[in-house]
Amino acid sequence: MLGSVASRITGFLRSAMVVAALGTGLAGDAFSVANTLPNIVFMLLIGGALNSVFVPELVRASQQPDGGAMFTDRLITACLVLLLAISAVTMAAAPWLVGLYAPSFTGDQLEVTVALARYCLPQIFFYGVFAVLGQVLNARERFGAMMWAPAANNLVAIGVFGLYLILVGGEGQMSPGQVVLLGVGSTVGIVVQALVLLPSLSRSGYRWRPRFDWRGADLARPLRAAGWALLLIAVTQAAFWAITVLCTGVSRRAAAEGVAVGVGLTAYNNAYQLWIVPQGILVVSLVTAALPALTRAAQTGDHAELTGGLVRTVRTSTGVVIIATLMFLLLGEQVTGLVYGYGTVTSGDVRVLGQILAAFALGLPALCVQYTLTRGFYALDDPRTPVLLALLTSGTNAALSAIAVHTLPVRWATVGMAMAHTLACLTGAATTAIMLHRRIRRAEALKDRQPQRTGSTSALNSLGQLGIHLRVALACLPGATATILIATWTRNQLGTGTAGSLAAVTAGGMFLVLSLLLVARPLRITEATAPLHLILNRLPALRARACADRPLPSRRRGEPTPPTVMTTRSSSARTDVP
């Protein structure tokens, strides 16, 4: 748990340092494209397969007389050879890849981006090493090192960009030496991330030995099993390509029109990284804890327990998710100022980042609902439907984003793209609830049960828990009003700097939490406050009062026990996979 928290915190520090050093304009976009390409290529060509099927295959191989050592050796060797070949080819194809994701880049910016990409693309190999070794550790039920490893990468990146900031002092055209520093330094961070796993792998008792006797070793089975996972990754990466092309085009238009604030890819990505935090920390943890019970319920045909588990997971996360949504919506500028408002970042850049974050905000509850309900399809052994849902969500996002870019002034184009993402999330969540509801009804019919005839509105309320979301928002209304007032007061009295932003975010968060806790019981939404009470119970000064006020929601017969709140590692790749 601590490793995940450390990785998340150092990740924010890393993002803040990158923005402080390069800004949110053309230089920042050049680095964003170059440093994102390795992750895109890795996930598209091999990462999805590794993350989806490696653990089941290794667990299955562990039943062999040698404990699966030979199979593991062959699989790792084959993956490393493939990764090495992919890395070499992509380094040679760097100009084409940059042109694919940033077709609007020209002149010096194009040359700098291609040069950075050539230094960053070897990361593909080390991303693969990290994924392969990490999955071996997961199969042996050793999870700690993989949670801590991203923190090591983040610390290296913080050092590299801190040195760049000291030597260069601000945004500007990069010299060849500066390109080497940033490109090589970023790749060294991924190398360190992979090497951190070696001590834990050694303690697990596994020793890798290269084996090239692949014929007849059944190594093709993992790739065949990963077919739907690879298709899902391809869909989301295609959407990411479209968003990247649109954002980089906005950057070039802004520079040509003399717009001084950063409104392109860097601003979009950094606002997104803040927006995804509640889902990455809380919702992923809840779903991870609940998934084994959901799978068992689906396998035994207990669809009431499956539905109850999904509903309870959604309800448990709702309080924190709605509070985060209101924080981003009402205090977007203050939140982004606290995280990114340093170095070359101007007050105008912070204002744009805050507006993008606010535009993302209303899509957060929908994203969390869709992420949770999608696991219902996997529990029912249906990997096909999530791909179709990803097509709908990603296609809607790309289409609406293109409309925003071509109809809005360049200053508001990226904000419009964030709003397009919100609309896509809402569409995806509603469709997911309806399709899962119908899928469960069909499964009940196959068991000769009479399914209840309900419409789409009932599906949204029963699985998507639309009612509890609205009641939680209503409970937070007094706190939201106080947050608006305190934000206005701090801006007038303390300004828009760090002091004013910190005061507004701290006071606003306290008002929202207090408002929800006070009104939760009358509105019968005590399940939504469970994570908040868990946090209060961990504060020694408030332990006695929190225990006295802790709600004990009634549980209907047949419903599973609420999942335990825990923290898991969040992916470093930006993706909209539900």
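What counts as what
Residues numbered from 1 in each chain as written. Predicted model: local features only at pLDDT ≥ 70, side-chain atom pairs only at ≥ 80, totals over all residues. Heavy atoms only, no water. Helix = DSSP H or I, 4+ residues; strand = E, 2+ residues; numbered from the N terminus. Buried < 20%, exposed > 50% of the residue type's maximum accessible area, 1.4 Å probe, protein only. Contact = heavy atoms within 4.5 Å. Areas by Shrake-Rupley, 256 points an atom, 1.4 Å probe, with all protein chains shown as cover. Salt bridge = Lys/Arg side-chain N within 4 Å of Asp/Glu carboxyl O. Polar contact = N/O pair within 3.5 Å; in protein donor to acceptor, adjacent residues only side chain to side chain. pLDDT = per-residue confidence, 0-100.

Colleague: Teacher, can you tell me more about the overall build of the protein chain here?
Modeller: Along its length, the protein chain carries 25 helices and 0 strands. The 578 residues of the protein chain split such that 55% are buried. Once local pairs closer than 6 in sequence are excluded, the contacts in the protein chain between residues at least 24 apart make up 83%. Element-wise, carbon and sulfur atoms account for 64% of the exposed surface of the protein chain, whose accessible area totals about 24700 Å².

Colleague: Mind showing me how you'd approach the pattern of salt bridges here?
Modeller: When the charged atoms of two side chains with opposite charge come close together, those side chains can pair. In total, this model carries 2 salt bridges according to the counting rule given. Of the charged contacts, one joins Glu 527 and Arg 315 as a salt bridge, the two residues approaching to 3.2 Å between their closest N and O atoms. Remark: Arg 315 occurs in helix α14 (residues 303-330) and Glu 527 occurs in the loop between α23 (498-519) and α24 (530-537); sequence separation between them is 212 residues. In this structure Glu 527 comes out as buried when scored by relative accessible area, which is 15%. For Arg 315, a relative accessible area of 15% corresponds to the buried category. Arg 439 serves as the salt-bridge partner of Asp 382, at 3.7 Å between the closest nitrogen and oxygen. Here the residue Asp 382 occupies a position in the loop between α17 (364-379) and α18 (384-407), and Arg 439 occupies one in helix α19 (residues 410-446), the gap between them amounting to 57 residues. Each member of the pair, Asp 382 as well as Arg 439, is classed as buried.

Colleague: Explain the environment of Thr 106 to me, please; I cannot follow it from the model alone.
Modeller: Relative to the helices and strands, Thr 106 resides in the loop between α4 (94-101) and α5 (107-120). A relative accessible area of 45% places Thr 106 in the partly exposed class. With 146 residues separating them in the primary sequence, Thr 106 and Arg 252 have C-alpha atoms 9.2 Å apart. For Thr 106, the side chain forms a polar contact with the side chain of Arg 252, separated by 3.4 Å.

Colleague: Help me out: how do you make sense of the confidence of the model for the protein chain in this one?
Modeller: Reading predicted coordinates in detail is not appropriate for stretches of low pLDDT. In this model, the protein chain carries a mean pLDDT of 81, and residues with pLDDT of at least 70 account for 82%. Here residues 541-546 scores under 50 on pLDDT; set against residues more than four positions off or in separate chains, the count is 7 contacts. Low pLDDT, under 50, characterises residues 548-577; the stretch is placed with 74 contacts to residues that sit more than four places away or in other chains.

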